[in-house]
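Remarks on the overall topology
Chain residues, written in single-letter form:
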Amino acid sequence: MPGHEEVIGTVAGPGEDPNEFIFVTPADQPIKTGEFITYDVTVDGESRSVFARVTNRELIRGLPEGFLADPEVGPETVAATLGVPTDDTELYRMTATVIGFYNTNMETFANPRQLPDPGTPLSIAPDGQLETVLPNLGCDTVETEVTQLDGVAHIGWLLNRPERATNIHIPIEEFASTHLAILAATGSGKSYTASVLIEEMMRPTSRASLLVFDPHGEYDTLAEMQGHESFREEDGYEPDVVYYDPERLQVRISELEIGDVMAILDNPSNRMQDRLSTAWRSMQNQESETWGIDDLMTEMRSEFGGNDASVGALEWRLRRSIQRNDLFDPEENVPLDEIIDPGQCTVLQMDTLDRRDQQLITTVLLRRLYRERLNDVRGRESEVEHPVFALFEEGHRFAPTSGDAPSLGIMRTITSEGRKFGFGLGIISQRPSKIDQDVLSQCGTQISMKIRNPNDQDAIKKSVEAAGEDVLRELPGLTPGQAIVSGDAMNTPALIQVRPRRTEHGAGSLDVIDKWREAYDARQREPTRSESADFGEGDSTGVQSLD
Ligand SMILES: Nc1ncnc2c1ncn2[C@@H]1O[C@H](COP(=O)(O)OP(=O)(O)OP(=O)(O)O)[C@@H](O)[C@H]1O
């Protein structure tokens, strides 16, 4: 309450936008843009603390005549309220946007639809209140102790405040059901932030069922959660971290849909497409789910005759692209019960698979999981009887704006429908402009970090409606680990410092200079070939042996 907190400035008058007001503050008040301030107003006869965000800051020297929007509030009044002398005082002219007062019935902000009167004293919003009202935690009082709530993820603290002064806990259920996007340029802390959230989701209070699609092998160190005391509970809980290596990733051929097969085959002619679709459909209508390319060819020949040129050409392509690729198998499929379990984080390591194979295994796995979630919610027998959250590194690879990624269709389906079936997706990407707009705009919670590329900034602005221009202006200036959190998990966007990981971070870039120096030193210590030969070691050259 402003009455209890130190006054840091005074309202001068309205700003340009209907929700904006201008206030002045002396230079010794370190108010940064993005800071949350508060003032009291009476709404329907009740005194309310309204929160506002500082969006702009300009230095003004002295108090020019006519500066204040309301002529009734003279410079002396402002200066007197601030307790500073009027002569030679440096003042800042600040712009703030009203967020609203926290309505404990609606459990979110309500806009009072009236700007503060000129002369209204302003205070810095108290840390404890911000912890309760900034994230969408559904608290019914601003005094709630958020660390006591179940299912919250401690992601970090407000950037404008001292370290750990205003901790931000976001509701896991919100981002895990209405999807998440983590967007940032390379090296800005995407996989670090994703790992922080994984850690939070795997703690004893949440025990999530997570699947990480990892095309680069960046999540090796999550295994440290096993045996780490922050993740253990007295009832015996400890997260299970399972690494699934590429050799174990297999797709049963009958799980492929005709669209997937067309994407695998190089540009088949219309006639080939026609032949293949007919035969594929008849195979899918069979009872057996374990058939291979030989069975498919038998079917095609019986339909179109053994001498059909298109059938011959298809056979060659099918054998080359499917039969000889270890990813596909007439029988084997990744068993869902090996990769999905509550309290289990499975990392699907796809680093040795090419892009097309990564997309195909992803397509088929997502389709199977979605089917099982649908069955579960509809009361039918299901292999996956609990919600699932799947996280995608290089999200633009699986849901690209252009190209023919077979995974795009199922990614769109899950982002638009998954919420109803307890299936959430997290898309991580350094190229937001290369992610399908439908998929990106369905990601309800966004964590945006440093992004300089103008196209990527535009993509974020378009899809991250919740963040607002003034907050997004910060994007290019962020440093690694700093982020804007916005969307469903927040009542209003906030600029945060992501907390340090509990486990080691394994995805840092190589320390090139150290590696060169080490390699050079190692090379210096090796005996040269001629020295080895002198000592009778290793291969000697023909010339030396003749000597
Ligand atoms: N919250 C943080 N606290 C401390 N250090 C951090 C934080 N976030 C990122 N870093 C540092 O920044 C480095 C890069 O982070 P990270 O590997 O997550 O980047 P990235 O955006 O995933 O990069 P890439 O696109 O190359 O995978 C980390 O190795 C770490 O040193």
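Residues numbered from 1 in each chain as written. Predicted model: local features only at pLDDT ≥ 70, side-chain atom pairs only at ≥ 80, totals over all residues. Heavy atoms only, no water.

Here we take up the overall build of the protein. Along the protein, the regular secondary structure elements total 18 helices and 20 strands. Across the 547 residues in the protein, those meeting the buried criterion constitute 53%. Taking as baseline every contact in the protein between residues at least 6 positions apart, the subset at least 24 positions apart corresponds to 72%. Entry remark: accessible area of the protein is about 25,500 Å², with carbon and sulfur atoms responsible for 43%. (Helix = DSSP H or I, 4+ residues; strand = E, 2+ residues; numbered from the N terminus. Buried < 20%, exposed > 50% of the residue type's maximum accessible area, 1.4 Å probe, protein only. Contact = heavy atoms within 4.5 Å. Areas by Shrake-Rupley, 256 points an atom, 1.4 Å probe, with all protein chains shown as cover.)

Attention now goes to the packing of helix H7 (residues 293-304) against helix H8 (residues 309-323). Between H7 and H8, the least distance of the axes is 11 Å, while the angle of their chain directions is 170 degrees. Judged by the angle between their axes, H7 and H8 are roughly antiparallel. Note on element contacts: H8 touches H7 through Val311, Leu314, Glu315, Leu318, Arg319, Ile322 and Gln323, opposite Ile293, Asp294, Leu296, Met297, Met300, Arg301 and Phe304. Taken together, the residues that form the contact of H7 with H8 break down as nine nonpolar, one polar and four charged. (Axes fitted to C-alpha atoms, helices over the stretch in contact; angles between N-to-C directions. Parallel < 35°, antiparallel > 145°, perpendicular 65-115°, else oblique. Nonpolar A, V, L, I, M, F, W, Y, C, P; charged D, E, K, R; others polar.)

The next subject is the site of the ligand. What surrounds the ligand is a group of 17 residues, the closest being Gly187, Lys190, Ser191, Tyr192 and His505. In the environment of the ligand, an oxygen atom lies 3.4 Å from a nitrogen or oxygen atom belonging to the side chain of threonine 186. In the model, an oxygen atom of the ligand is placed 3.1 Å from a nitrogen or oxygen of the glycine 189 main chain. Taking 630 Å² as the accessible area of the ligand by itself, protein coverage stands at 73%. At the level of secondary structure, the elements contributing two or more residues to the shell around the ligand comprise helix H4 (190-201) and strand S20 (494-498). Looking at side-chain class alone, the shell around the ligand contains five nonpolar, nine polar and three charged residues. (Near = heavy atom within 4 Å. Polar contact = N/O pair within 3.5 Å; in protein donor to acceptor, adjacent residues only side chain to side chain.)

Before going further, it helps to examine empty space enclosed by the protein. One pass over the full model with this rule turns up two cavities of 30 Å³ or more. The calculated volume of the largest cavity comes to roughly 40 Å³. Forming the walls of the largest cavity are Gly34, Glu35, Phe36, Leu158, Leu159, Asn160, Arg161 and Leu495. Broken down by class, the residue content of the lining of the largest cavity amounts to four nonpolar, two polar and two charged. (1 Å grid on protein atoms, 1.4 Å probe; cavity = no way out; pocket = protein on both sides within 12 Å on 5 of 7 lines; lining within 4 Å. Points joined across faces, edges and corners; volume = space filled by probe spheres on them.)

Looking now at the pattern of salt bridges. Applying the stated criterion across every chain yields a total of 28 salt bridges. Where aspartate 235 meets arginine 207, a salt bridge forms, and the shortest distance between an N and an O atom there is 2.9 Å. Linking aspartate 235 in the loop between strand S11 (209-214) and strand S12 (240-244) with arginine 207 in the loop between H4 and S11, this pair joins segments that are 28 residues apart in sequence. Across the pair glutamate 255 and arginine 371 runs a salt bridge whose closest N-O atoms are separated by 3.4 Å. Remark: arginine 371 occurs in helix H10 (residues 355-377) and glutamate 255 occurs in the loop between strand S13 (251-252) and helix H5 (258-264); sequence separation between them is 116 residues. (Salt bridge = Lys/Arg side-chain N within 4 Å of Asp/Glu carboxyl O.)

To continue, consider the UniProt feature "domain: Helicase HerA central" (unreviewed entry) in the protein. The positions that UniProt labels "domain: Helicase HerA central" (unreviewed entry) are, in the present scheme, residues 154-369. Across residues 154-369, the secondary structure splits into 40% helix and 16% strand, with the terminal C-alpha atoms separated by 28 Å. (UniProt positions renumbered as here; feature names shortened; annotations may be inferred.)

Enumeration according to the criterion identifies nine aromatic pairs in this entry. Their ring planes at 10 degrees and their centres at 4.4 Å tell us that phenylalanine 213 and phenylalanine 392 sit as a pair that is stacked. Of the two residues, phenylalanine 213 is situated in strand S11 and phenylalanine 392 in strand S16 (residues 388-392); the sequence distance between them amounts to 179 residues. Of the two residues examined, phenylalanine 213 and phenylalanine 392, each falls in the buried class. The ring of tyrosine 92 is capped by arginine 57, whose NZ or CZ atom sits 3.8 Å from the centre of that ring. (Phe/Tyr/Trp six-rings, centres within 6.5 Å; stacked < 30°, edge-to-face > 60°. Lys NZ or Arg CZ within 6 Å of the ring centre and 35° of its normal.)

This part covers the side chain of glutamine 446. Tracing the chain through its elements places glutamine 446 in strand S18 (residues 445-448). We classify glutamine 446 as buried; its relative accessible area is 5%. Here the side chain of glutamine 446 touches cysteine 443 through a polar contact of 2.9 Å, landing on its backbone oxygen. Reaching out from glutamine 446, the side chain makes a polar contact with the backbone oxygen of glycine 444 at a distance of 3.2 Å.

Attention shifts here to the sheet that holds strand S15 (residues 344-349). Strand order in the open sheet formed by eleven strands is S9-S8-S20-S19-S18-S10-S17-S16-S11-S15-S12, with mixed pairing between adjacent strands. Strands at the two margins of the open sheet, each flanked by one partner only, are strand S9 (167-171) and S12. Here the average twist between neighbouring strands, direction ignored, is 25 degrees. Where H4 meets the sheet, it contacts strand S8 (152-158), S9, strand S10 (180-183), S11, S15, S16, strand S17 (423-429), S18 and S20, and its direction lies at approximately 135 degrees from that of S8. (Pairing = 2+ DSSP bridges.)

As a further point, take the pairing of strand S2 (residues 20-26). On a regular strand, one side chain projects to one face of the sheet and the next to the other, so that they alternate. Within S2, seven of the seven residues are buried, which leaves it mostly tucked inside the rest of the structure. Neither face of S2 is left uncovered, since the one carrying Glu20, Ile22, Val24 and Pro26 and the one carrying Phe21, Phe23 and Thr25 both have all their residues buried. Where strand S1 (residues 7-14) and S2 come together, four bridges link them in antiparallel fashion. Counterpart to glycine 13 in the pairing with S2 is isoleucine 22. Between S1 and the antiparallel strand that follows it, S2, lie five residues.

Together, Val512, Ile513 and Trp516 make up a nonpolar patch on the protein surface, roughly 330 Å² of accessible area in all. Within the secondary structure, isoleucine 513 sits in helix H16 (residues 512-525). By relative accessible area, isoleucine 513 is classed as partly exposed at 49%. (Patch = residues over 30% accessible without salt bridge, like charges linked within 9 Å, V, L, I, M, F, W, Y side chains within 5 Å.)

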